[in-house]
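This is what each chain is made of:
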Amino acid sequence: MSRAYFGTDGIRGTANKWPITPEIALKVGMAAGITFRRGKYRHRVVIGKDTRLSGYMIENALVAGFTAVGLDVFVLGPMPTPAVAMLTRSLRADLGVMISASHNPFQDNGIKFFGPDGFKLSDETELEIERLIESDDLSAILAEPHELGRAKRIDGVRDRYMEFAKRTLPRDISLEGMRIVIDCANGAAYKVAPEVLWEMGAEVFPIGVEPNGYNINKDCGSTSVDALCNKVHEVRADIGIALDGDADRVIIVDEEGRVVDGDQLMATVAQSWQEDNRLSAPGIVATVMSNLGLERYLNDIGLQLARTKVGDRYVVEHMRAHGYNLGGEQSGHIVMSDFATTGDGLVAALQLLACVKKTDRPVSDVCRRFEPVPQLLKNVRYNGGKPLENDDVKAAIKNGEDRLAGAGRLVIRASGTEPLIRVMGEADDAVLLGDVVDTIVGAVETAA
């Protein structure tokens, strides 16, 4: 069975258009509830969301679906994705749900799930949920009237997550004396992230903390760091931290206003943890999108880079299977399995701040571990069809691979979260790289 609803990170699309409609959300709640309804005890699910206007609509539809099949629902309100994963375990829930489209604009939304262990669902479980959504069995397995689920809003969960985040650092680490700009993308962490940094002793300058339902990720956050860079310069901050809409990814800006991406962040933490004997395996896990410079740097210090396909859940799966405790994506999904089951932007930022305090050097010094190999990423939007199966596109890709001939690499894939074909290449020869990528993009645009 092919995947009709789930992409690389849950179900995602434009709000009020298939598959992000109240009707589908209702069925998703019913199907997921049935899938995790095991045994005769009272089952429970926790639901968090970011700050999108459509979150109310999707939340209510999911609650109706879950209660209809007999699950009790704990509604958390706006909470970071990693907080939902943590609270799924903390509250002993059978299932956790995050309503978010992550870094996408407000008109998009999504539904992603966590199992009772706090980890994202396997492909097999997602396919089972899809089978139930499409089946005619849903109405036949609704709960009896006396077995309907209850729904209630849970207070105090924000404080639980804040304490968890602070406890990932040793008690003797203080951020006193540091000037930190934090950009919360007008998203799920707009309250918790600034408060945690302030409670750790930093002087905090928050931006992107006035959500109105429409401005999540708009000219702010980890995908648009200009406002953060300007603020760092304006207040002469030591560091800038940018989260995305659901706070599962982070991008850093140094005191000079230069961006530090997820690859540099992983390199920094990996070497620090290696020095402190904190790495559980001799390397880290990243995706095919991570820069070749990261791989070369890790090899130089005696570590290896294991690559997976794109998607932080595939990084987590490889980490769990092979005993790694550090991994992530260039985009800023950083997974530290000693603390969390998924990417956590705030926790990753705190661990990086610990590295900065440890060395007592500027962020620009600490976080520039390698010179990136020239990398070029271009996106081509398409409306239906399968451009990558076009013969001319296949020929352009083959020609590009031949031209790079071992001196670089190409990664061409369909996005799992948006209707985009992503064309990424990297090579030491930037001119050759540009020509190769442009040729492939042209072929994809024609086919699309």
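Residues numbered from 1 in each chain as written. Predicted model: local features only at pLDDT ≥ 70, side-chain atom pairs only at ≥ 80, totals over all residues. Heavy atoms only, no water.

(A) Structural context of the pairing of strand S19 (residues 420–427). The element S19 is extensively covered by neighbouring structure, given that eight of its eight residues are classed as buried. Neither face of S19 is left uncovered, since the one carrying Leu420, Arg422, Met424 and Glu426 and the one carrying Ile421, Val423, Gly425 and Ala427 both have all their residues buried. Of the strand pairs in this sheet, strand S18 (residues 408–414) and S19 are connected by seven bridges, and their pairing is antiparallel. Bridging from a neighbouring strand, Ala414 pairs with Ile421 of S19. Turn length for the S18-S19 hairpin, with the two strands adjacent in sequence and antiparallel, is five residues. (Buried < 20%, exposed > 50% of the residue type's maximum accessible area, 1.4 Å probe, protein only. Helix = DSSP H or I, 4+ residues; strand = E, 2+ residues; numbered from the N terminus. Pairing = 2+ DSSP bridges.)

(B) Just the packing of aromatic side chains, in detail. Counted by the stated rule, this structure contains six aromatic pairs. Centroid distance Phe106 to Tyr214: 5.2 Å. Interplanar angle 65 degrees. Geometry classified as edge-to-face. Placement of the pair is Phe106 in the loop between strand S5 (95–99) and strand S6 (108–114) and Tyr214 in the loop between strand S9 (203–207) and helix H7 (226–235), with a sequence separation of 108 residues. For Phe106, a relative accessible area of 27% translates into the label partly exposed. When its relative accessible area of 45% is taken as the criterion, Tyr214 is described as partly exposed. Between Trp273 and Phe339, the aromatic rings sit 6.4 Å apart at their centres with planes inclined by 80 degrees, giving edge-to-face as the arrangement. On the criterion of sequence distance, the pair formed by Trp273 in helix H8 (residues 262–275) and Phe339 in the loop between strand S16 (334–336) and helix H11 (345–359) is long-range, its members being 66 residues apart. Comparing Trp273 with Phe339, the two get one shared label, buried. Its end group placed over the ring of Tyr56, Lys49 keeps NZ or CZ at 3.7 Å from the ring centre. (Phe/Tyr/Trp six-rings, centres within 6.5 Å; stacked < 30°, edge-to-face > 60°. Lys NZ or Arg CZ within 6 Å of the ring centre and 35° of its normal.)

(C) Here's a closer look at the packing of helix H5 (residues 157–166) against helix H6 (residues 192–199). As a packed pair, H5 and H6 sit with axes 10 Å apart at the nearest point and diverge in direction by 45 degrees. Our classification of the angle between H5 and H6 gives oblique. Seen along the crossing, H5 lies across H6 with a hand that is right-handed. On H6, the residues touching Arg158, Tyr161, Met162, Glu163 and Lys166 of H5 are Val192, Glu195, Val196 and Glu199. Partitioning the contact of H5 with H6 into residue classes produces four nonpolar, no polar and five charged. (Axes fitted to C-alpha atoms, helices over the stretch in contact; angles between N-to-C directions. Parallel < 35°, antiparallel > 145°, perpendicular 65-115°, else oblique. Left-handed = near helix turned anticlockwise from the far one by under 90°. Contact = heavy atoms within 4.5 Å. Nonpolar A, V, L, I, M, F, W, Y, C, P; charged D, E, K, R; others polar.)

(D) Inspection of the packing of helix H1 (residues 22–35) against helix H4 (residues 123–134) at higher detail. Their axes nearest at 9 Å, the elements H1 and H4 cross at an angle of 125 degrees. By the angle class used here, H1 and H4 are oblique. Seen from above, H1 lies across H4 with right-handed handedness. Between H1 and H4, the contacting residues are Lys27, Val28, Ala31, Ala32, Ile34 and Thr35 on the first element and Thr125, Glu128, Ile129, Leu132 and Ile133 on the second. Classifying every residue of the contact of H1 with H4 gives seven nonpolar, two polar and two charged.

(E) Examining the side chain of Arg313 more closely. Residue position: Arg313 is located in helix H10 (residues 312–322). According to the relative accessible area criterion, Arg313 is buried, its value standing at 4%. Separated by 2.9 Å, the side chain of Arg313 and the backbone oxygen of Leu121 make a polar contact. Within the local environment of Arg313, its side chain forms a polar contact with the side chain of Glu126, the two groups lying 3.4 Å apart. Beyond its immediate sequence surroundings of up to four residues, Arg313 is in contact with Arg3, Gly7, Thr8, Lys120, Leu121, Ser122, Asp123 and Glu126. (Polar contact = N/O pair within 3.5 Å; in protein donor to acceptor, adjacent residues only side chain to side chain.)

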